[in-house]
Amino acid sequence: MSAHVIDHGLEDLAATARAALVRGIDAGGAWDSDPVWREAFESVPRHLFVPYYYVGAEDGYERLWCADPDPRRRERWLRGAYADSPLATRVRDGELLSSSSQPSLMAKMLAELEVRDGNTVLEIGAGTGYNAALLAHRLGDERVTTIDLDPEITESARRHLAAAGHHPAVVTGDGARGCPENAPYDRVIVTCAVTSIPRPWLAQCTPGAHILAPIATGVIDLRVRDAEHAEGHFLLTPAYFVPLRGTERPEPRPTADGGLPRRAIQQELFRFLLALTAGALDPHEALALWEREEQPERARYGITVSGEREWAWLDDPEGPYAWPLA
């Protein structure tokens, strides 16, 4: 059985499962600010982009795939492909290298990207190609570029996209350096976690462009002024992504939480603050700030890029709470 074909007995189930996924995303309000995305999710079949994936098992990972000879396992694969959850798609030596993001989070990020007809988009992190397909459905193949460091990932993404009828630019390269040959871009969407904003992204953007990037278990929404300046706030939603791999990616900063009270460590928003300020703020100082500011939500935090400087902040870029990122 081809990796991009499912038996006729599962075709109806695929359509039903996709419709249920769309209804769930709709009910959660992910694309309320830009409901045009609903049509893209209705039209692009996710199962074509995950012909196999891995689920947790007692001894590590269990592989589910579309051509499994057991019809019950094929059905399990298909239902999982349309679950509103991330899917591990590439694992090496027990390490997760690539995944297909949770569809509702993808929908939220795409809506927050505020794309307009005629926009050009750069995606950092090709993954399975599903996100690029959604963008290409909305904007057209010629306006979408997706890049990944791993040639196996880009090759499989290219195959998945072709199976779904899309042919955007799929580039093998260091995502931290962007993709200058197809610049400039009106929007940049990053589907892997970074610790700071690589300057080539700004240089390849048009004035007023948006950059959405996962940082410290959140997603920053930057507005680009020019090649050296950008600023924005975090989205409210939490986000956990596989780290960006590339030559210009800064080394992750160490985090420490020893001696902190369990009541704080169990709070997701406090862990976000710890990750955002790691190496720049003592964890106990972070706890004092978090309690003093009444457990601030993500949207109160932001990031500013100005020339060689880059810093995160709470409430005000020039206020008392600011921490260097680069």
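Right, let's walk through the structure included here. (Residues numbered from 1 in each chain as written. Predicted model: local features only at pLDDT ≥ 70, side-chain atom pairs only at ≥ 80, totals over all residues. Heavy atoms only, no water.)

This brings us to the packing of helix 9 (residues 268-277) against helix 10 (residues 283-292). Direction vectors running N to C along helix 9 and helix 10 enclose 130 degrees, while the axes themselves pass 10 Å from each other. With respect to helix 10, the axis of helix 9 lies oblique. For helix 9 against helix 10, the interelement crossing comes out right-handed. Contacts from L269, F270, L273, L274 and T277 of helix 9 reach helix 10 at P283, A286, L287, L289 and W290. Looking at the contact of helix 9 with helix 10, its residues break down into 9 nonpolar, 1 polar and no charged. (Axes fitted to C-alpha atoms, helices over the stretch in contact; angles between N-to-C directions. Helix = DSSP H or I, 4+ residues; strand = E, 2+ residues; numbered from the N terminus. Parallel < 35°, antiparallel > 145°, perpendicular 65-115°, else oblique. Left-handed = near helix turned anticlockwise from the far one by under 90°. Contact = heavy atoms within 4.5 Å. Nonpolar A, V, L, I, M, F, W, Y, C, P; charged D, E, K, R; others polar.)

Once that is clear, we can look at the sheet that holds strand 14 (residues 322-324). The 10 strands lie next to each other as 7-6-5-8-9-10-11-12-13-14, forming an open sheet whose pairing is mixed. This sheet does not close on itself; its edge strands, each paired only once, are strand 7 (169-172) and strand 14. Ignoring which end each strand starts from, the neighbouring axes of this sheet average 20 degrees apart. Looking at chain direction, strand 5 (residues 121-124) and strand 6 (residues 144-148) are connected through 4 bridges and run parallel. (Pairing = 2+ DSSP bridges.)

Let us look at the layout of surface pockets. Approximately 240 Å³ is the volume found for the second largest pocket. Looking at the second largest pocket, it is lined by 14 residues, and the ones nearest its centre are P86, Q102, L105, A239 and Y240. Here the element with the most residues in the lining of the second largest pocket is helix 4 (residues 103-112); it accounts for 3 residues. Residues of the lining of the second largest pocket, tallied by class, amount to 8 nonpolar, 5 polar and 1 charged. (1 Å grid on protein atoms, 1.4 Å probe; cavity = no way out; pocket = protein on both sides within 12 Å on 5 of 7 lines; lining within 4 Å. Points joined across faces, edges and corners; volume = space filled by probe spheres on them.)

Let us now look at the environment of L10. Structurally, the position occupied by L10 is in helix 1 (residues 8-28). Along the chain, L10 and L78 lie 68 residues apart, while their C-alpha atoms are 7.9 Å from each other. When near neighbours in sequence (up to four residues on either side) are disregarded, L10 contacts R74, E75 and L78.

Turning our eyes to something else, we now look at the packing of aromatic side chains. Taken as a whole and assessed by the stated rule, the structure comprises 8 aromatic pairs. Both rings, one in F49 and one in Y130, keep their centres 5.6 Å apart while their planes meet at 50 degrees; by these two values the pair is tilted. Taken as a pair, F49 in the loop between helix 2 (37-43) and strand 1 (52-57) and Y130 in helix 5 (residues 130-139) lie far apart in primary sequence, 81 residues in all. Assigned by exposure class, F49 and Y130 land together as buried. The interplanar angle of 50 degrees and the centroid separation of 5.2 Å between the aromatic rings of F270 and W290 together place this pair among those described as tilted. You can see F270 sitting in helix 9 and its partner W290 sitting in helix 10, a full 20 residues away along the chain. (Phe/Tyr/Trp six-rings, centres within 6.5 Å; stacked < 30°, edge-to-face > 60°. Buried < 20%, exposed > 50% of the residue type's maximum accessible area, 1.4 Å probe, protein only.)

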